[in-house]
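Working through the structure, step by step
The lines below spell out each chain.
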Amino acid sequence: MNLVRGLERRLERLLEGVAGRVFSGRLHPSEIAGRLAREADFARFDHETGPATANQYTLLVNPKDLDADPVELEQSLTEELLRYTTDQGLRLEGPCRVRIEGSDRVAPGSLVCHAEVVPG
């Protein structure tokens, strides 16, 4: 299963990078929310009380893609992620948090997501 997830992530990064260079578009919050949902699915694991997922997400985006106020965007994405995990019946080990950081290493129009379980 990890092999398939790794392949899917590599293909996703490749396609995002190509699309970012071709269309030079900015990231839309709905695209970011969709990516967070996929990352929550990738981070799923079996817990003694049922299915669970990571609760802390750090998004690296190109500074050119940050049109909105990052603090407001972090709050709305955290709320959206909480709704998604609740709808999917996923348990969180601690408080859910989404952080957005600017990085020139990320191509415009794409993002890198790091998910982790932080007990709380």
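The structure this text deals with has already been given above.
Here's what I pulled together on the structure shown here. None of these values were measured; they are calculated from a predicted model. (Residues numbered from 1 in each chain as written. Predicted model: local features only at pLDDT ≥ 70, side-chain atom pairs only at ≥ 80, totals over all residues. Heavy atoms only, no water.)

For the rest of this paragraph, the subject is the overall build of the chain. The number of helices and strands found in the chain is 3 helices and 6 strands. The N-to-C order of helical and strand elements in the chain reads α-α-β-β-β-α-β-β-β. Within the chain, the proportion of its 120 residues that are buried is 36%. Partitioning the contacts of the chain with sequence separation of at least 6, the portion at a separation of at least 24 is 83%. (Helix = DSSP H or I, 4+ residues; strand = E, 2+ residues; numbered from the N terminus. Buried < 20%, exposed > 50% of the residue type's maximum accessible area, 1.4 Å probe, protein only. Contact = heavy atoms within 4.5 Å.)

Mapped onto the secondary structure, Glu39 falls in helix α2 (residues 29-42). What makes Glu39 buried here is its relative accessible area of 2%.

What follows concerns the sheet that holds strand β5 (residues 97-102). The strand order across the open sheet formed by 3 strands is β5-β3-β6, and the pairing between neighbours is mixed. What marks the edges here is a single partner per strand, and that holds for β5 and β6 (111-116). Recorded for the sheet is a direction-independent mean angle of 20° between the axes of neighbouring strands. Inspection of the sheet shows strand β3 (residues 56-61) paired to β6 by 6 bridges, in the antiparallel sense. Bridge pairing in β6 links Leu59 to Cys113. Seen against the sheet, helix α3 (residues 70-88) touches β3 and β5 and runs at an angle of roughly 145° to β5. (Pairing = 2+ DSSP bridges. Axes fitted to C-alpha atoms, helices over the stretch in contact; angles between N-to-C directions.)

The next point concerns the sheet that holds strand β4 (residues 91-92). Pairing is mixed across the open sheet formed by 3 strands, whose spatial order is β1-β2-β4. The sheet is open, and its two edges are formed by β1 (45-47) and β4, each paired on a single side. Pairing analysis gives 2 bridges linking strand β2 (residues 50-53) to β4, with the strands arranged parallel. Directly across from Ala52, in β4, lies its bridge partner Arg91.

Right, let's talk about the nonpolar core for a bit. Membership of the largest hydrophobic core comes to 17 residues, with the highest contact counts inside it found for Leu36, Tyr57, Leu59 and Leu77. Broken down by secondary-structure element, the contributors of at least two residues to this core are α2, β3, α3, β5 and β6. Beyond its immediate sequence surroundings of up to four residues, Leu36 is in contact with Tyr57, Leu59, Leu77, Leu81, Val98 and Cys113. (Core = buried A, V, L, I, M, F, W, Y, C linked by side-chain atoms within 4.5 Å.)

The end-to-end C-alpha separation of α2 is 20 Å, in line with the 20 Å expected for 14 residues at 1.5 Å each. Along α2, the residues that are buried comprise Ile32, Arg35, Leu36, Ala37, Glu39, Ala40 and Phe42. (Expected span 1.5 Å × (residues − 1).)

In this section: the pattern of salt bridges. Pairing between side chains of opposite charge can happen when the charged atoms of each approach one another. Here the structure, examined in full by the defined rule, presents 5 salt bridges. In this structure, Arg99 engages Glu101 in a salt bridge whose closest nitrogen and oxygen atoms are separated by 2.1 Å. With a relative accessible area of 31%, Arg99 lands in the partly exposed category. (Salt bridge = Lys/Arg side-chain N within 4 Å of Asp/Glu carboxyl O.)

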